[in-house]
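Take a look at the letters that make up each chain.
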Amino acid sequence: MSDYLDINNEELLKDFFSEAEQQVDVLESNILVIENDPSNHDAIDEIFRAAHTLKGGSATVEMKELAEFTHVIEDLLDVIRSGSVGVTEDVVDMLLQSLDVIKAMLSARQEGSIYKKDVSAIVNSLRSMIPSSGKKAGKAPASAPEKKAAPAKKAAPAPVATDADIAGLLTEYEVLEMKESLPPEYTVYVVKVKFDESNLMNSVGGIQVYAALKQQGEILKTDPEFDVLYDDEFHENVLYIVASPSDVATMTETATISDVTLEVSVSVLNLASLDASNASSSAAEKSTAAASASSAVSAFETESNDTDEEEDSYTADAPESETKAPALAKKARPDAASNGHSASSSVLRVDARRIDYLMNLVSETVIVKASFNQNALQFSELMTEFQQAESASHEQLRKLFDRIPDYLDDIQNGANVKDIKKEINTEYTGMFEIFNNFAASMKGAVTKFRAATQNLGRITGELQEGVMKIRMVPISQIFNRFPRLVRDLSRELNKKVRLVIEGEETELDKSVVEDLLDPIMHCVRNALDHGIETPEERKKAGKPEEGTILLKASNEGSMIVIEIADDGHGIDVEAVKKKAINRGLIHPGKNLTDVEAYQLIFEPGFSTADKISNISGRGVGLDVVKTHIEKINGTVTIASTPNVGSRFIIRLPLTLAIIQDSWSRSARKFTRSP
């Protein structure tokens, strides 16, 4: 078993937990979708795929209790997908309750233990919703047979790469991975390039071709390896294995760079024949099994092993042999409890295009580095030229000074001054041209150096921007958690509430996102409990029985604005003043503006609730909002209109990583301003 497939591998467990939490989010969001739109077949398919993926992944890392429980949920989802069971309120409630159990199981594993609570009642409820004819069908694989990638058809026959071309470059596993993961329209090419050693920037030729080929598809392998190509050394021959939808002519044209490459040959790599020649039948079976298991971990798309015969009494207890995995999960996530965030929050998912963009910039940086090397060499040669010119100039001056006494004697003896002057001009006029060649060369070198410096400035600026974009994540990572919260709390409070989310694609720094959840959570809970009225109260006020809460994000320059609004009865300013007087926060005779009154509700322990509940009344919510927002250099303001609603407006910097400043000088004092 490879290191990656070993369940003792910490990175494997981190990947699993990250992927599992993503699948849980997909499950929850789509369950809420079908609650409002039971006929949404796309959402039903997404739910089934997520459950199937989660089951396969948990089975791969030997989390048996999670795999078996998810299998029962999958059975119910299968009959829902087939239309045998309709999406009712009871079904949605049971799916959400089951999802809470999955979250608890994952949380227990992350903390290094196994979920021990009896879930037999939930399992029996899930099974009771499955028609008798559908129970067996639930076990059958529902996914369509996986299509095997076929070589792309070419307009003209292309040379086929021989085993000698790639001898020792590709392992059996890599070949299998290519066959299973590459799209059918992609062809795998072997691109062999010979570089021109006489090129002044020959050490970066391999990177230049790499960057060019990257535009045509995916580079799977290079020989020498990329890290070796990155070194400032010349490599005469480089081999690239590239997967691309382009044809041979396009690949050849792309890899050919004037004054850099001498020869380029492109041939097609036949994966089928390569796989057959690389391994015997037994070895191929072993490699296929490994590749299949690896696919289950990285993409969570394999099916779990058939579970044992189902029993009427179902519990999540696991045998002693499974205690190894929890310990490893605890080791893989040592800071989960200490930092207050899930350890998966340290995992950052980045769009591959942004990584490619940075790779291109790194390639340009290597080229600029070679330019600076050339500039350094040129300046060294210019220094030698300057020293030679300086020596020649000194020699000419010495000769001139030595001849001056003779010229003076000649003048005293009656020689014509014009003749002496003409002789001096004839003999020493070259002194004024000694530095001409050096000056011209120096001017050219400085021009090249200035261009390289400007290019480096541009690249570093784009690198900074690119790295900052990598840190940027959509605020939907937070917003997507609130539909479930609003649904559950509105039921608990006997209110009808509709959540509207806008601007969820707005991006901000990940470090800011991690600190935003609690403040927004408290604002939404406050809107549900204090803002939105009951259906009866809304009806009397001439409003629709269903209230609305708006979650909106938008950009304003270098700031992000988050708005939490409701169409409830607004903030009762008089009640706020009365409470503030009772607590001794203000004098009874003090006149407060509405804005000043709004600020009072951020005071620690301040609440206008008549009684304490598990939702509000203790006065800790909005105090937390203000504290958290100010900690990340943000501000929070309130706007409210009686019987119309309230708005909490949060303004935050897009990122906390780099803030550009401008410097000014006054006398001997420097001043910095953002």
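Relevant structure appears above.
All of these numbers come straight from a predicted model, not from anything done at the bench. (Residues numbered from 1 in each chain as written. Predicted model: local features only at pLDDT ≥ 70, side-chain atom pairs only at ≥ 80, totals over all residues. Heavy atoms only, no water.)

Let's talk about the nonpolar core
- Counting 48 residues, the largest nonpolar core has L516, I520, V524, I562, I564 and L652 as the members making the most contacts within it.
- When residues of this core are assigned to their parent elements, the largest contribution, 6 residues, is made by helix 20 (residues 517–531).
- Leaving out residues up to four positions away in the same chain, L516 has contacts with I475, I478, L508, I562, I629 and L652.
- Counting residues in hydrophobic clusters, the runner-up holds 46 residues, among them A51, L54, V123 and I130. (Core = buried A, V, L, I, M, F, W, Y, C linked by side-chain atoms within 4.5 Å. Buried < 20%, exposed > 50% of the residue type's maximum accessible area, 1.4 Å probe, protein only. Helix = DSSP H or I, 4+ residues; strand = E, 2+ residues; numbered from the N terminus. Contact = heavy atoms within 4.5 Å.)

Details of the sheet that holds strand 9 (residues 559–566)
- What the 5 strands build is an open sheet, ordered 6-8-9-11-10; its pairing is mixed. Only two strands of the sheet have a single partner each, and these edge strands are strand 6 (496–502) and strand 10 (635–641). Between one strand and the next, the sheet's axes are offset by a mean angle of 15°, whatever the strand orientation.
- Bridge analysis of strand 10 against strand 11 (residues 645–653) gives 7 bridges, and the strand direction is antiparallel. (Pairing = 2+ DSSP bridges. Axes fitted to C-alpha atoms, helices over the stretch in contact; angles between N-to-C directions.)

Quick notes on empty space enclosed by the protein
- Considering all chains together, one arrives at 2 cavities of 30 Å³ or more under this definition.
- By volume, the largest cavity amounts to about 60 Å³.
- Lining the largest cavity are L27, I31, I47, A51, T70, I73, L77, L95, S98, L99 and I102.
- Counting residues per element, the ones that place at least two in the lining of the largest cavity are helix 1 (10–36), helix 2 (41–60), helix 3 (64–82) and helix 4 (89–110).
- Considering every element that reaches the lining of the largest cavity, the biggest residue donor is helix 4, with 4 residues.
- Split by residue class, the lining of the largest cavity holds 9 nonpolar, 2 polar and no charged.
- The computed volume of the second largest cavity comes to approximately 50 Å³.
- Lining the second largest cavity are F195, N202, S203, V204, G205, G206, I207, L229, E233, H235 and V238. (1 Å grid on protein atoms, 1.4 Å probe; cavity = no way out; pocket = protein on both sides within 12 Å on 5 of 7 lines; lining within 4 Å. Points joined across faces, edges and corners; volume = space filled by probe spheres on them. Nonpolar A, V, L, I, M, F, W, Y, C, P; charged D, E, K, R; others polar.)

Here's the deal with a nonpolar patch on the surface
- The grouping of F401, I404, L408, I411 and V417 at the surface amounts to a nonpolar patch, some 450 Å² of accessible area in total.
- Looking at the nonpolar patch element by element, the count peaks at 4 residues for helix 14 (residues 352–412).
- With respect to the element layout, I404 can be found in helix 14. (Patch = residues over 30% accessible without salt bridge, like charges linked within 9 Å, V, L, I, M, F, W, Y side chains within 5 Å. Areas by Shrake-Rupley, 256 points an atom, 1.4 Å probe, with all protein chains shown as cover. Salt bridge = Lys/Arg side-chain N within 4 Å of Asp/Glu carboxyl O.)

Considering the packing of helix 4 against helix 18 (residues 482–492)
- Look at helix 4 against helix 18: their axes get within 13 Å of each other, and the N-to-C directions meet at 120°. For the element pair helix 4 / helix 18, the angle class is oblique. Crossing hand, helix 4 versus helix 18: left-handed. Seen from helix 4, the contacting residues are E89, V92, D93, L96, D100 and K103; seen from helix 18, they are R484, R487 and R491.
- Class assignment of the residues belonging to the contact of helix 4 with helix 18 gives a composition of 2 nonpolar, no polar and 7 charged. (Parallel < 35°, antiparallel > 145°, perpendicular 65-115°, else oblique. Left-handed = near helix turned anticlockwise from the far one by under 90°.)

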